[in-house]
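What the coordinates show
Residue strings, one per chain:
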Amino acid sequence: MKKRILFAIAVLLGIILFVFGVPIVINECYKTGGYVTLWSAEDVLSYYGTILGATVSVVVLAATILFTRKQIRHDQFVNTQSEKWKSVDAIINQAIEAVQPLHVAQMVYADVGYEHAGETINKLQRHIKNMKKSLDMLNCHLDSDEGNRLSALIQQILSCMEEVESLASQMVQQLSCIQRNKLHENYKELLRLALQSPDTVDEETVQNYQNYLKAIPYTPPDRITEEIGDIGLKLVGTYNTTYQSLLDKKREVFRDIERENTEKADEILKWFSGKER
């Protein structure tokens with residue numbers, strides 16, 4: 001900054017000397033008994049005025065060309081950064097949407113009565129994979145500069161994903177309990193029928209049914225419903241805290257990036273910036 005100020009002062013002093021100093025020198029040279037030439041002081045001043053006017057025109061033209069060049073570079077920088085961060089913003093939004101906690105609750109509660117627990121488990125497992133895939137795609141599309149500027153945001157997305165993944169896995173466990181209960185009930189019914197008709201079923205089959213019943217634990221449905229409700233409340237809490245904090249962080253990071261890019265763009269237009277990029 002000090003160098004720029006000193007340079008500007010030096011240029012200003014040079015202009016003052018060039019515009020006012022030279023005519024004074026000419027005047028002093030042509031005083032009575034002074035400098036004698038074949039041309040008069042008026043001729044010299046006229047010639048100097050022509051040279052000065054031409055010099056000013058050249059300087060103005062050069063300044064116009066320089067400013068136009070800076071303006072072109074400024075516009076190119078703004079357009080490039082705008083397109084670049086627009087695509088990054090889309091990828092970030094996709095990753096953030098993937099870790100939205102309420103998606104898990106919607107998948108589970110859409111199955112009224114948990115009649116299709118196996119299908120819901122598959123959906124939840126695919127959702128967990130898609131969350132991880134979206135984060136992998138995010139890291140794949142970012143270069144080193146973008147990765148550094150978004151590192152804090154990416155870390156927060158990862159933390160939110162891990163929290164949602166944990167709750168989704170707990171949902172899978174409870175839905176698996178529902179599946180095991182159905183299987184338990186089936187073997188229990190088979191065993192009841194076999195005991196009612198001992199002549200139609202051999203003892204080995206009956207023993208197998210009894211072994212299956214021992215191997216397949218039965219969880220009271222009320223307990224499963226309570227656990228699913230608790231996990232749902234945790235998902236809502238994650239949405240209201242961790243996920244909202246993630247959204248705030250995203251807005252903060254991109255606001256800072258926009259501000260930094262604006263400052264860099266303004267720097268390009270400065271006359272004494274020392275660099276244009």
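Scroll up a little and you will see the structure.
Residues numbered from 1 in each chain as written. Predicted model: local features only at pLDDT ≥ 70, side-chain atom pairs only at ≥ 80, totals over all residues. Heavy atoms only, no water.

A short note on helix H4 (residues 117–141)
Relative to the 36 Å expected for 25 residues at 1.5 Å per residue, H4 spans 36 Å between its end C-alpha atoms, a close match to the ideal helical length. Within H4 the residues assigned to the buried category are Ala117, Thr120, Ile121, Leu124, His127, Ile128, Met131, Ser134, Leu135 and Leu138. (Helix = DSSP H or I, 4+ residues; strand = E, 2+ residues; numbered from the N terminus. Expected span 1.5 Å × (residues − 1). Buried < 20%, exposed > 50% of the residue type's maximum accessible area, 1.4 Å probe, protein only.)

Section: a negative patch on the surface
Together, Asp222, Glu226, Glu227 and Asp230 line one region of the surface with negative charge. Along the polypeptide, aspartate 222 turns up in helix H8 (residues 221–269). (Patch = residues over 30% accessible without salt bridge, like charges linked within 9 Å, V, L, I, M, F, W, Y side chains within 5 Å. Areas by Shrake-Rupley, 256 points an atom, 1.4 Å probe, with all protein chains shown as cover. Salt bridge = Lys/Arg side-chain N within 4 Å of Asp/Glu carboxyl O. Lys, Arg positive; Asp, Glu negative; His and termini not counted. Charge placed at Lys NZ, Arg CZ, Asp CG, Glu CD.)

Structural notes on the environment of valine 172
Of note, valine 172 is situated in helix H6 (residues 151–196). Judged by relative accessible area, which is 13%, valine 172 ranks as buried. Once the C-alpha coordinates of valine 172 and alanine 117 are considered, the two residues, 55 residues apart in sequence, prove to be 8.8 Å apart. Not counting residues up to four positions away in its chain, the partners in contact with valine 172 are Ile121, Leu124 and Gln125. (Contact = heavy atoms within 4.5 Å.)

Description of the environment of arginine 192
Position of arginine 192 relative to the elements: it lies in helix H6. With a relative accessible area of 37%, arginine 192 lands in the partly exposed category. Here the alpha-carbon distance between arginine 192 and valine 206, two residues 14 residues apart in the chain, equals 9.4 Å. A distance of 2.4 Å separates polar atoms of two side chains, one belonging to arginine 192 and the other to glutamate 189. (Polar contact = N/O pair within 3.5 Å; in protein donor to acceptor, adjacent residues only side chain to side chain.)

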